[in-house]
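Residue strings, one per chain:
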Amino acid sequence: MEHLQVMAGEACLEHLIDEAKTAFQLLKLKKNEFLVREGEVCPYFCYVESGILQHEVLINDEEITTYLALRDTFTASLNSFLFQKPSRKSIKAIFDCKLWVLDLDAFQKLLKTNEAFHQFYYNLIEKQICLIDDYRIDLLTLTPEERYKKLLTTEPQLMQQVPLHYLASFLGISSRHMSRIRKNIK
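One numbering rule holds for all chains: residues counted from 1, following each sequence as written. Only residues with pLDDT of 70 or above have their local features reported here, since the model is predicted, and side-chain atom pairs are shown and tallied only from 80 upward, although totals for entire chains, interfaces and linings are computed over all residues. With hydrogens and water stripped out, all remaining heavy atoms of the structure feed into the side-chain values.

**Student:** When you look at the sheet that holds strand β4 (residues 53-59) in this model, what are you seeing that I'm missing?
**Tutor:** The strands that make up a sheet are held in pairs by hydrogen bonds between backbone atoms, and each pair lies either parallel or antiparallel. As summarised here, the arrangement of the four strands in space is β2-β7-β4-β5, forming an open sheet in which the pairing is antiparallel. Each edge of the open sheet is held by one strand with a lone partner, namely β2 (34-36) and β5 (62-69). When the angles between neighbouring strand axes are averaged without regard to direction, this sheet yields 35°. DSSP bridges decide pairing: two strands pair if at least two such bridges lie between them. Helix and strand assignments follow DSSP, with helices taken as H or I runs no shorter than four residues and strands as E runs no shorter than two, numbered in order from the N terminus. Alignment of β2 against strand β7 (residues 90-93), held across two bridges, turns out to be antiparallel. Counted as the bridge partner of Val36 is Ile91 from β7. Residue contacts are counted whenever heavy atoms from the two residues lie within 4.5 Å of one another. Simply put, an axis is a line fit to the C-alpha atoms, just over the touching stretch for a helix, and the angle between two N-to-C directions goes from 0 to 180 degrees. Along the sheet, helix α8 (residues 164-171) contacts β4, β5 and β7; its crossing angle with β5, the most-contacted strand, is approximately 90°.

**Student:** What is the right way to read the sheet that holds strand β1 (residues 25-29) from this model?
**Tutor:** Read from one edge of the open sheet, four strands run β1-β8-β3-β6, paired in antiparallel fashion. The sheet is open, and its two edges are formed by β1 and β6 (73-75), each paired on a single side. Each strand of the sheet is rotated relative to its neighbour by a mean of 35°, with strand direction disregarded. One ladder, built from five bridges, connects strand β3 (residues 45-50) with strand β8 (residues 97-102); its direction is antiparallel.

**Student:** Can you walk me through the packing of aromatic side chains in this structure?
**Tutor:** The way to describe two aromatic rings as a pair is by their centre distance and the angle between their planes. Within 6.5 Å between ring centres, the rings of Phe, Tyr and Trp (the latter by its six-membered ring) count as paired, and their orientation is classed by plane angle as stacked under 30 degrees, edge-to-face over 60, tilted in between. For the structure on display, the rule yields 13 aromatic pairs. Between the aromatic rings of Phe45 and Phe107, the centroid separation amounts to 5.1 Å while the plane-to-plane angle is 50°, which identifies the pairing as tilted. Separated by 62 residues along the polypeptide, Phe45 in strand β3 and Phe107 in helix α4 (residues 104-113) bring together distant segments of the chain. An identical accessibility class is assigned to Phe45 and Phe107; each is buried. Here Tyr135 and Phe170 contribute two aromatic rings whose centre-to-centre distance is 5.0 Å and whose plane-to-plane angle is 20°, an arrangement assigned as stacked. Within this pair, whereas Tyr135 is found in helix α5 (residues 115-141), its partner Phe170 is found in helix α8, the two being separated by 35 residues in sequence. Relative accessible area decides the class of each residue, using a 1.4 Å probe on protein chains only: under 20% of the type maximum gives buried, over 50% gives exposed, and in between gives partly exposed.

This is the structure in structure tokens:
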């Protein structure tokens, strides 16, 4: 959980960072197990130590990937987790995952009492909002080929780690079209 330290800053917050780290509990998910299913309340805010979590929605019985939480990232169905309401998406392990999780009580306590965690969380949310904004604009302004090229440039590890059909769904491209794009770009 080095990201907690980096994102919180170094302003003499070592003991608070250690306190925040000890609040997390280990959770292991096997491939195809769910952190949360659509319609359930998300129980955790989590750090992905290993594996990949797929955020997905079902539209006309088709699984659409909305986000991929990779190693060394934090994730949750945040609206569900924070407000304890049914999730509009599912979060599933697409590989075996080792997660460090906080339940809502531990999360809220850290936000209120731990300056390092509070700053880390603020920085994380700010960064995620910017990424979501860029992603939405890219879907509207870039061609599928341009979105694929951008992903190659900005997230090259995804090409090695994530099966093609998940990437295609994430980019808003059919798997068949994604195969053609990959052939033409190589």
